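# Residue-level structure breakdown
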Amino acid sequence: MAFALLSLFMGPILLSFAFSKPDDKLYLPLLILGCAISAMAIIMLFKGIRTIMGSMFKKK
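Quick summary incoming for the structure in this document. (Residues numbered from 1 in each chain as written. Predicted model: local features only at pLDDT ≥ 70, side-chain atom pairs only at ≥ 80, totals over all residues. Heavy atoms only, no water.)

## A short note on the overall build of the protein chain
Broken down by element type, the protein chain carries two helices and zero strands. Taken over the C-alpha trace, the protein chain has a radius of gyration of 16 Å; the compact-globule value for 60 residues is 10 Å, which it surpasses by more than 25%. Projecting the C-alpha coordinates of the protein chain onto the three principal axes gives extents of approximately 60 × 15 × 10 Å. By residue count, 20% of the 60 residues in the protein chain fall in the buried class. Carbon and sulfur atoms provide 76% of the accessible area of the protein chain, an area that totals close to 5000 Å². (Helix = DSSP H or I, 4+ residues; strand = E, 2+ residues; numbered from the N terminus. Rg over C-alpha atoms; globule rule 2.2 N^0.38 Å. Buried < 20%, exposed > 50% of the residue type's maximum accessible area, 1.4 Å probe, protein only. Areas by Shrake-Rupley, 256 points an atom, 1.4 Å probe, with all protein chains shown as cover.)

## Section: a nonpolar patch on the surface
Residues L5, L8, F9, I13, F17, I42 and F46 make up a contiguous nonpolar surface patch of roughly 730 Å² in combined accessible area. Put simply, the parts of the chain that give the nonpolar patch at least two residues each are α1 (2–20) and α2 (27–56). You can see F17 is positioned in helix α1. (Patch = residues over 30% accessible without salt bridge, like charges linked within 9 Å, V, L, I, M, F, W, Y side chains within 5 Å. Salt bridge = Lys/Arg side-chain N within 4 Å of Asp/Glu carboxyl O.)

## Some words on the side chain of S7
Locating S7 in the fold gives a position in helix α1. Here F3 takes part through its backbone oxygen, which lies 2.9 Å from a polar atom of the side chain of S7. Apart from the residues lying within four places of it in its own chain, the contact partners of S7 are P12, I37, M40, A41 and M44. (Polar contact = N/O pair within 3.5 Å; in protein donor to acceptor, adjacent residues only side chain to side chain. Contact = heavy atoms within 4.5 Å.)

## A look at α2
Its 30 residues give α2 an end-to-end C-alpha distance of 43 Å, which sits within 8% of 44 Å, the value for a rise of 1.5 Å per residue. When we look at burial in α2, the residues that qualify are L31, G34, I37, S38, A41 and G48. (Expected span 1.5 Å × (residues − 1).)

## Quick notes on the environment of I42
With respect to the helices and strands, I42 occurs in helix α2. Sequence separation between I42 and L8 is 34 residues, and the spatial gap between their C-alpha atoms is 7.6 Å.

Limitation: the analysis is restricted to geometry and does not speak to function.
Dropping the structure here:
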């Protein structure tokens, strides 16, 4: 969950850097990296919540 929290902040920061200078040569790599980190953050967040809920409501 800590990596998901860090990624939730890193992704939009990288995207804002990319969108602030669309004429720069690093536009496309920053855009791709920002989108990938944002998607990874959402996936890690759902997996973390599923793990927590599974441990709380596990049937024996």
